[in-house]
Every structure is written in structure tokens, then in C-alpha cells.
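Structural overview for review
Spelled out from the first residue to the last, the chains are:
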Amino acid sequence: MTGKYGVFGLAIRIPDFLRRTEIPVPRGITIGATRYPTKEAVRNVCRDIVQRYGIGGDVTDPDDDAFCRGSSNVTPNTTSSAGPA
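This structure, assessed with the given rule, holds one aromatic pair. An angle of 85° between the planes, with centres 5.9 Å apart, marks the rings of Y36 and F67 as edge-to-face. Of this pair, Y36 sits in strand β2 (residues 34-36) while F67 is found in helix α2 (residues 62-74), placing the two residues 31 residues apart along the sequence. In this pair, the class of Y36 matches that of F67, namely buried.

Given below as C-alpha cells:
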């Protein structure tokens, strides 16, 4: 059993340069140039766009268009989930 004192019961001192350093990972979702803090924030933007244009409507606002195009780049396997064009 290994632990604080290692395999042979001897204290282990790990040099500082070998210690694992934590790299801060930014939270949230980036779509295009905009960073959203949560998935719920992204859902709200999607809901607003659908309310403005409806399903299958032409998106005319450049910001909405950039969001739609950017969100398709964030989603993995977009071709398999979107179906045939």
C-alpha cells in the first residue's frame, strides 16, 4: 500500500519542479467572439433567436447570424446530428 510514506515506509519528498501545477481552465462557452458563463445563457440566446425569427425563418441580424454559425462550430458531430441537407 502506498501513501504518504511510500512503499517502504520512508517519507517521500517531491521536488517542487516535479509537483503538479494546476492550470486554471476558463469556465463557460465561447461562441464566436462572445463568452457565455453557462449553458443556460446560451440556451436563452437560442430561445430569443427562435422567438424573433421562428423555426426555419431567415436570420437577418448579423449578430444573430454569427451566433448561429458559431454555435454550429462548437457542437461536436454537427453533420451526424443535423441529418441530410
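We now examine the pattern of salt bridges. In this structure the tally under the stated criterion is four salt bridges. Among the ionic pairs, R43 bridges to E40, the shortest N-O distance being 3.1 Å. One end of the pair is R43 and the other is E40, both in helix α1 (residues 39-53) and three residues apart, which spans about a single turn. The salt bridge partner of R52 is D64, with a shortest N-O separation of 3.1 Å. Of the two residues, R52 sits in helix α1 while D64 sits in helix α2, which places them twelve residues apart along the sequence. Here the residues in one salt-bridge network are E40, R43 and R47, joined through shared partners.

Conventions adopted
- Every residue gets a number counted from 1 within its own chain, in the order that chain's sequence is written.
- Only residues with pLDDT of at least 70 get local features here, since the model is predicted, and only at 80 or more are side-chain atom pairs given and counted; chain-wide, interface and lining totals rely on the full set of residues.
- Values reported for side chains reflect all heavy atoms of the structure, with hydrogen atoms and water molecules removed beforehand.
- Only Phe, Tyr and Trp rings take part, Trp by its six-membered ring, and two of them pair if their centres are within 6.5 Å. Stacked means planes under 30 degrees apart, edge-to-face means over 60, and tilted covers everything else.
- The helix count covers DSSP runs of H or I at least four residues long, the strand count covers runs of E at least two residues long, and both are numbered beginning at the N terminus.
- Categorising residues by exposure relies on relative accessible area from a 1.4 Å probe, with only protein chains included: less than 20% of the type maximum marks a residue as buried, more than 50% marks it as exposed, and the intermediate range marks it as partly exposed.
- Salt bridge, as used here, is a side-chain nitrogen of Lys or Arg placed within 4 Å of a carboxyl oxygen of Asp or Glu.

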